[in-house]
Amino acid sequence: MMRRLKLLVKIIGKFDQNDFEIFIAWVTKILTRGVPEEKRKEIKEIIEKAAPEEVSKMISNLEDKKVLSNSLFSSIPCSETPEHLQFPTREG
């Protein structure tokens, strides 16, 4: 998951405020699912502090604090990510 986010840093950094808020809601939901409450709070705190131009820093903070070390998503290859966990696209 983190590797994939790193690949998207330049794109996410160009999001307008509305798109960034949608992204933050999505990534928070994905990264906190099935995580103990203490870690969930830490993940949310890191994510909510980020601005579009700070996505790289947000990813580094998540990695440095190892808040996702026991996450289910760290072991799922990109090609095997279930459809319901993939980033939503705009229709239209």
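Along each chain, residues carry numbers from 1 onward, in the same order as the chain's sequence is written. Since the coordinates come from a predicted model, pLDDT governs what is reported: local features require at least 70, and pairs of side-chain atoms require 80 or more to be given and counted, while whole-chain, interface and lining totals use all residues. Where side-chain values are given, they derive from all heavy atoms of the structure, hydrogens and water being excluded.

Participant: Sorry, what's going on with the pattern of salt bridges here?
Facilitator: Once their charged atoms are close, side chains differing in charge can pair, the charge on each being opposite to the other. Whenever a carboxyl oxygen of Asp or Glu lies within 4 Å of a side-chain nitrogen of Lys or Arg, that contact is scored as a salt bridge. Tallying each qualifying case throughout the model produces two salt bridges. Of the charged contacts in the structure, one is a salt bridge between Arg40 and Glu37, with a shortest N-O distance of 2.7 Å. Remark: Glu37 and Arg40 occur in helix H4 (residues 37-49); sequence separation between them is three residues, near one turn of the helix. For Glu45, the salt bridge identified is with Lys49, shortest N-O distance 3.5 Å. Residue Glu45 and its partner Lys49 are both found in helix H4; the two are separated by four residues, about one turn of the helix. The exposure class of Glu45 is partly exposed, given its relative accessible area of 46%. Secondary structure elements are defined from DSSP: runs of H or I of at least 4 residues count as helices, runs of E of at least 2 residues count as strands, and each element is numbered from the N terminus. Accessibility here uses a 1.4 Å probe with only protein chains present; expressed as a share of the type maximum, an area under 20% marks a residue as buried, one over 50% as exposed, and anything in between as partly exposed.

Participant: What exactly am I supposed to notice about the nonpolar core here?
Facilitator: Soluble globular proteins tend to pack their nonpolar side chains together in the buried interior. Phe20, Phe23, Val27, Ile47, Met58 and Leu62 are the most contacted members of the largest nonpolar core, which totals 19 residues. At the level of secondary structure, the elements contributing two or more residues to this core comprise helix H3 (17-32), H4 and helix H5 (55-64). In terms of residue count, the dominant contributor to this core is H3 (seven residues). Whether two residues are in contact is decided by their heavy atoms: any pair within 4.5 Å suffices. Not counting chain neighbours up to four residues away, the residues in contact with Val27 comprise Leu5 and Ile47. Remark: nonpolar core denotes a set of buried residues (Ala, Val, Leu, Ile, Met, Phe, Trp, Tyr, Cys) joined through side-chain atoms within 4.5 Å.

Participant: Looking at this structure, how should I read the packing of aromatic side chains?
Facilitator: Remark: the centre distance and the inter-plane angle together describe each pair of aromatic rings, the angle taken between the planes. Stacked, edge-to-face and tilted labels apply to pairs of Phe, Tyr and Trp rings (six-membered ring for Trp) whose centres lie within 6.5 Å, assigned for plane angles under 30 degrees, over 60, and everything in between, in that order. Here the structure, examined in full by the defined rule, presents three aromatic pairs. Ring centres 6.1 Å apart and planes at 35 degrees place the aromatic pair Phe20 and Phe23 in the tilted group. Of this pair, Phe20 and Phe23 both sit in helix H3, three residues apart, roughly one helical turn. Looking at Phe23, the relative accessible area reads 1%, which means it is buried. Each ring, one from Phe23 and one from Trp26, has its centre 6.1 Å from the other, and the planes form 40 degrees; the classification is tilted. Of this pair, Phe23 and Trp26 both sit in helix H3, three residues apart, roughly one helical turn. Across this residue pair, the class does not change: Phe23 and Trp26 are buried. Among the aromatic residues, those joined into a cluster by ring pairs are Phe15, Phe20, Phe23 and Trp26.

Participant: Explanation requested: the environment of Thr28 in the structure shown.
Facilitator: By secondary structure assignment, the location of Thr28 is in helix H3. Judged by its relative accessible area of 12%, Thr28 is buried. For the pair Thr28 and Ile46, spaced 18 residues apart in the sequence, the C-alpha separation amounts to 9.8 Å. Filtering out sequence-adjacent residues up to four positions away, Thr28 remains in contact with Lys44 and Ile47.

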